[in-house]
Amino acid sequence: MKHFTTIYDVVDPNSLIEDAIQLKKTPYAYSDLGKNKTLGLIFLNPSLRTRLSTQKAARMLGMEVMLMNLDKESWAIEWNDNMIMNGNTVEHIKDAAAVLGSYCDIIGMRAFPSLTNQKLDYSEKLLVQLMKYCNVPVISLESATLHPLQSLADAITIKENWKQKHKPKVVLTWAPHIKALPQAVPNSFAEWMTKLDVDFTIAHPEGYELCEDYTKGATIEHNQEEALKNADFVYVKNWSSYTNYGTMPEVKENWMMDMSKYLLTNKAGIMHCLPVRRDVELSSKLIDHPHSLIQHQASNRVVAAQVVLKNILSKLPASEYKSIEQLELEEA
Ligand code: CP
């Protein structure tokens, strides 16, 4: 793969998931692959898991890592082309991305949506501009519309926890929240689940329809309890409205996932990408339940990043730099 910003960057998602499961058995088998290569991580938004798991994964492959909170620590970036920069922005992405690309062999970027302008957010302007100008492979650390590293970790978690022959029933259920959240995690999860060998249902109240580009092939259900019946995996997640963009239409019924609803499932594995608001989105009892896979998903973020970096590194030209030890070995 050249970049990793969507499932469409992956030639064979099932092979990638299988590679990740194998890599977990020998996590340091490729500890030289990234030698003399640098991963640059740029964040325009907060992160715990993505920030740490991607650094850990890169180091396990022998890479150097540089990290920058671009929103706080850098010059104010101008993301629009053909601008006379006589306002608040100090540096154009064309210049900044070229510099980053000259320092790094791969760049990861997190850039959340504004949630105020659907067309602009869904154009993925920031990601597209970075890819246009940095001249090296780019990994999405969660963009305006997708979170592919999370979805890959989720897909690995489902594969590891499903030993039966028939397809598992996977339900993504909307959950309440106190503030409007992006659609990136549910879009991305839907993008992956509709392409894997699972029976996939999305449950949400009316008004919370996701963009159809991602949900084609899924069963859509507005009755949460109906959707949960016989589920093998239940993924709990809030998102704001796509159609009435970025708003939180009122929901009269109680959509928080709790023990009474859990009893409708087939002793389902409970999933959430974290961070989670306990007893708002999902009951504490379920987060801490023996069938909760939430920590398993978080730990799989490392191997997800590792298998993606490994795949991209294996296609990069070998570094021209040779250590003194290598030169001495070649001379001997
Ligand atoms: N799930 C996830 O991406 O977590 P962070 O926002 O903490 O990186």
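For the structure, see preceding data.
Below, the structure is looked at part by part. (Residues numbered from 1 in each chain as written. Predicted model: local features only at pLDDT ≥ 70, side-chain atom pairs only at ≥ 80, totals over all residues. Heavy atoms only, no water.)

## Focus: the site of the ligand
Phase 1: Taken together, the residues surrounding the ligand are Ser47, Leu48, Arg49, Thr50, Arg110, His147, Gln150, Cys273, Leu274 and Arg301.
Phase 2: In the model, an oxygen atom of the ligand is placed 2.7 Å from a nitrogen or oxygen of the Ser47 side chain.
Phase 3: Contacts to the ligand include Leu274, whose backbone N or O atom sits 2.9 Å from a nitrogen atom.
Phase 4: When the residues that make up the shell around the ligand are grouped by side-chain class, the tally is three nonpolar, four polar and three charged. (Near = heavy atom within 4 Å. Polar contact = N/O pair within 3.5 Å; in protein donor to acceptor, adjacent residues only side chain to side chain. Nonpolar A, V, L, I, M, F, W, Y, C, P; charged D, E, K, R; others polar.)

## Quick look at the packing of aromatic side chains
Phase 1: Going through the model one piece at a time under the given rule, you end up with nine aromatic pairs.
Phase 2: Ring geometry for Phe189 and Phe200: centres 5.7 Å apart, planes at 75 degrees, overall edge-to-face. Here Phe189, found in helix α8 (residues 184–193), pairs with Phe200, found in strand β8 (residues 199–203); they are eleven residues apart in sequence, far enough to count as distant. Comparing Phe189 with Phe200 shows no difference in burial state: the two are buried.
Phase 3: Of the aromatic side chains, those joined through ring pairs into one cluster are Tyr122, Tyr242 and Tyr245.
Phase 4: Arg51 extends its terminal NZ or CZ atom over the ring of Phe43, reaching a point 4.5 Å from the ring centre.
Phase 5: In this arrangement the basic side chain of Lys310 is found over the ring face of Tyr30, its NZ or CZ atom lying 4.7 Å from the centre. (Phe/Tyr/Trp six-rings, centres within 6.5 Å; stacked < 30°, edge-to-face > 60°. Helix = DSSP H or I, 4+ residues; strand = E, 2+ residues; numbered from the N terminus. Buried < 20%, exposed > 50% of the residue type's maximum accessible area, 1.4 Å probe, protein only. Lys NZ or Arg CZ within 6 Å of the ring centre and 35° of its normal.)

## Concerning the sheet that holds β8
Phase 1: Pairing in this open sheet of five strands is parallel, and the strands run β9-β8-β7-β10-β11 from one edge to the other. In the strand order of this sheet, the two ends are held by β9 (219–221) and β11 (269–271), each with one partner. Across the sheet, the axes of successive neighbouring strands diverge by a mean angle of 20 degrees, strand direction being ignored.
Phase 2: Alignment of strand β10 (residues 233–237) against β11, held across three bridges, turns out to be parallel. Its bridge partner lying in β11, Phe233 is registered against Gly269. (Pairing = 2+ DSSP bridges. Axes fitted to C-alpha atoms, helices over the stretch in contact; angles between N-to-C directions.)

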